[in-house]
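Results of the structural survey
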Amino acid sequence: MLYELNLKNVGPAPTMSMELARRLNLITGDNGLGKSFLLDVMWWAFTRRWPKELNKELTSGYPARPIDPRKPAAISFRLDSKTRPVAYESEYSPREEAWTGRKGRPWMPGLIIYAHSDGGFSVWDPTRNYWITKGNVDVQERIPAYVFSPAEVWDGLELDDGKTRTVICNGLLRDWASWLKEKGEDAALMQSALARLAPSGEAMTPGPLVRLSVNDARDIPTLKMPYADAVPILHASAGIRRAAALAYVLTWSWSEHKKAAQQLGEQPTKRIVMLFDEIESHLHPRWQRTILGSVLDLSRELHGDVEMQLAVATHSPLVLASAEPFFDPSLDRLFHLELMDNAAVLAEVPWAKQGDVVGWLVSDVFGLRQGRSIDAEQAVEAAEAWMRGDQQQLPEGLRSQAEIQAELERVLAGHDPFWPRWIVSAPDGNGASGSKEPPRRRSVIPGKIGGKR
């Protein structure tokens, strides 16, 4: 478990600090302010390697470098040890172009799973990726981590050093097909994961194996869909493939960890950390509304009483709205990155329910003034200025009541909640035209257009 992270002269700000919660850590903020970077540093803190170092096909996960190369740069953090949290600090060595640790590497942190925004994954397994100490020096004779490009999640991960070819993972297509044929525990876990990740009423149920071509000898898993009984997973939508890849990596990493622990005569880990970058990526709003709770439920189902910590970067107000029923301030935290004085500032945001997506959009977390289009926002603000009698705030083209009325008719829906305020404020309460009818094609009755008031 990661308790604390502190950055100096590295990343999007001169300094940055965060104290993480035990269970769920949500990270929000505008593009380019460092959400993905924070997850990369967390992965590095646990594993002492950067994803991009281990797989050049990834689009993120580059090694961190100082902002100002003339000044010292440091990354410090607190992690679990066998008995208590221990602080570690690393400084950047310009000549070695590497981060060197004062207190050595962290104690075995447990199973670490990192879902990248591009569809790749990184996995660090304490039974297969551990360090070995020789002469008081930590060396990694074993593979330092398993880092999958998006294609390797599906087709498999192999390492070839010129002498030995090692198959690390068969990939989703071959493994899932094999599991379905065996009808064993892995197939059941994969099916349970798919069922958990799908929204209510849209269960992803495996169908029969199929061949895509007479020249392709692979047996391809399928899903039963409302319009077909066997849609090859390769032909499914981007959102379904994203969910299937997540289900597979969670199933594969835990299954392989347990098998490796059994081979070594050890007990499976009691700690699992999951890092998610843009957890809503490719997902329809209905799926965004359930994905966070589904991941928590799935983790409990797969891992039982294992201690679980999640760090999730998101741009989605639906993801935050979906957290309201289970967010516990004693176990969870919300962080927000914003630009202040030309520097990114990370701050913990006191948790408060916002009620719905619009409430989150106009909260400090997202900072929108309204949940409408930009044109509609400008028209409503002009109308509000006109109602206040503040002529100086009226923009060009929206200086008169008639101009504002015409623009509101163009940009607002007939059931927009602003219409009653505008109509009541106009002369005789009849709108800008002074007629006894509301504007044609408009109504203050939700869901109807052109009806009478």
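Placed above this text is the structure.
None of these values were measured; they are calculated from a predicted model.

**Thoughts on the environment of Gly 119**
- The topology assignment puts Gly 119 in the loop between strand 7 (111-115) and strand 8 (121-124).
- Each C-alpha atom, one on Gly 119 and one on His 282, is 9.8 Å from the other, the two residues being 163 residues apart in sequence.
- Apart from the residues within four sequence positions on either side, Gly 119 is in contact with Pro 150, Val 153 and Arg 242.

**Focus on helix 7 (residues 285-303)**
- For helix 7, built from 19 residues, the straight-helix expectation of 27 Å at 1.5 Å per residue is met to within 8% by its first-to-last C-alpha distance of 28 Å.
- Of all the bends in helix 7, the greatest, near 40°, is centred on Ile 291.
- Inspection of helix 7 places Trp 287, Gln 288, Ile 291, Leu 292, Gly 293, Ser 294, Val 295, Leu 296, Leu 298, Ser 299, Leu 302 and His 303 among the buried residues, and these make up the whole buried set.
- Among the structural elements, strand 3 (24-29), helix 5 (185-197), helix 6 (238-264), strand 17 (271-277), strand 18 (307-313) and helix 8 (317-323) are those in contact with the buried residues of helix 7.
- One or two steps after helix 7, the chain reaches Gly 304, where phi turns positive at roughly 65°.

**Side note on the sheet that holds strand 15 (residues 222-225)**
- Pairing in this open sheet of 3 strands is antiparallel, and the strands run 14-15-16 from one edge to the other. The sheet terminates laterally at strand 14 (205-206) and strand 16 (228-232), the two strands that pair on one side only.
- Where strand 14 and strand 15 come together, 2 bridges link them in antiparallel fashion. Directly across from Pro 206, in strand 15, lies its bridge partner Leu 223.

**Looking at the packing of helix 5 against helix 6**
- Viewed as axis vectors pointing N to C, helix 5 and helix 6 meet at an angle of 145°, and their least axial separation amounts to 9 Å. Judged by the sense of rotation from one axis to the other, the crossing of helix 5 with helix 6 is right-handed. Across the interface between the two elements, Glu 185, Asp 186, Leu 189, Met 190, Ala 193, Leu 194 and Leu 197 from helix 5 touch Ala 243, Ala 244, Leu 246, Ala 247, Tyr 248, Thr 251, Ser 255, Lys 258 and Lys 259 from helix 6.
- Within the contact of helix 5 with helix 6, the residues separate by chemical class into 10 nonpolar, 2 polar and 4 charged.

**Observations concerning the pattern of salt bridges**
- Overall, the coordinates contain 26 salt bridges when judged by the stated rule.
- Note that Arg 196 and Asp 297 form a salt bridge whose closest N and O atoms lie 4.0 Å from each other. Within this pair, whereas Arg 196 is found in helix 5, its partner Asp 297 is found in helix 7, the two being separated by 101 residues in sequence.
- Look at Arg 196 and you get partly exposed, because its relative accessible area is 35%.
- The residue Arg 333 makes a salt bridge to Glu 348 at a minimum N-O spacing of 3.8 Å.

What counts and how
- Residues numbered from 1 in each chain as written.
- Predicted model: local features only at pLDDT ≥ 70, side-chain atom pairs only at ≥ 80, totals over all residues.
- Heavy atoms only, no water.
- Helix = DSSP H or I, 4+ residues; strand = E, 2+ residues; numbered from the N terminus.
- Contact = heavy atoms within 4.5 Å.
- Expected span 1.5 Å × (residues − 1).
- Bend = angle between axes of the 7 residues up to and from the residue.
- Buried < 20%, exposed > 50% of the residue type's maximum accessible area, 1.4 Å probe, protein only.
- Pairing = 2+ DSSP bridges.
- Axes fitted to C-alpha atoms, helices over the stretch in contact; angles between N-to-C directions.
- Left-handed = near helix turned anticlockwise from the far one by under 90°.
- Nonpolar A, V, L, I, M, F, W, Y, C, P; charged D, E, K, R; others polar.
- Salt bridge = Lys/Arg side-chain N within 4 Å of Asp/Glu carboxyl O.

Just distances and angles here, no functional claims.
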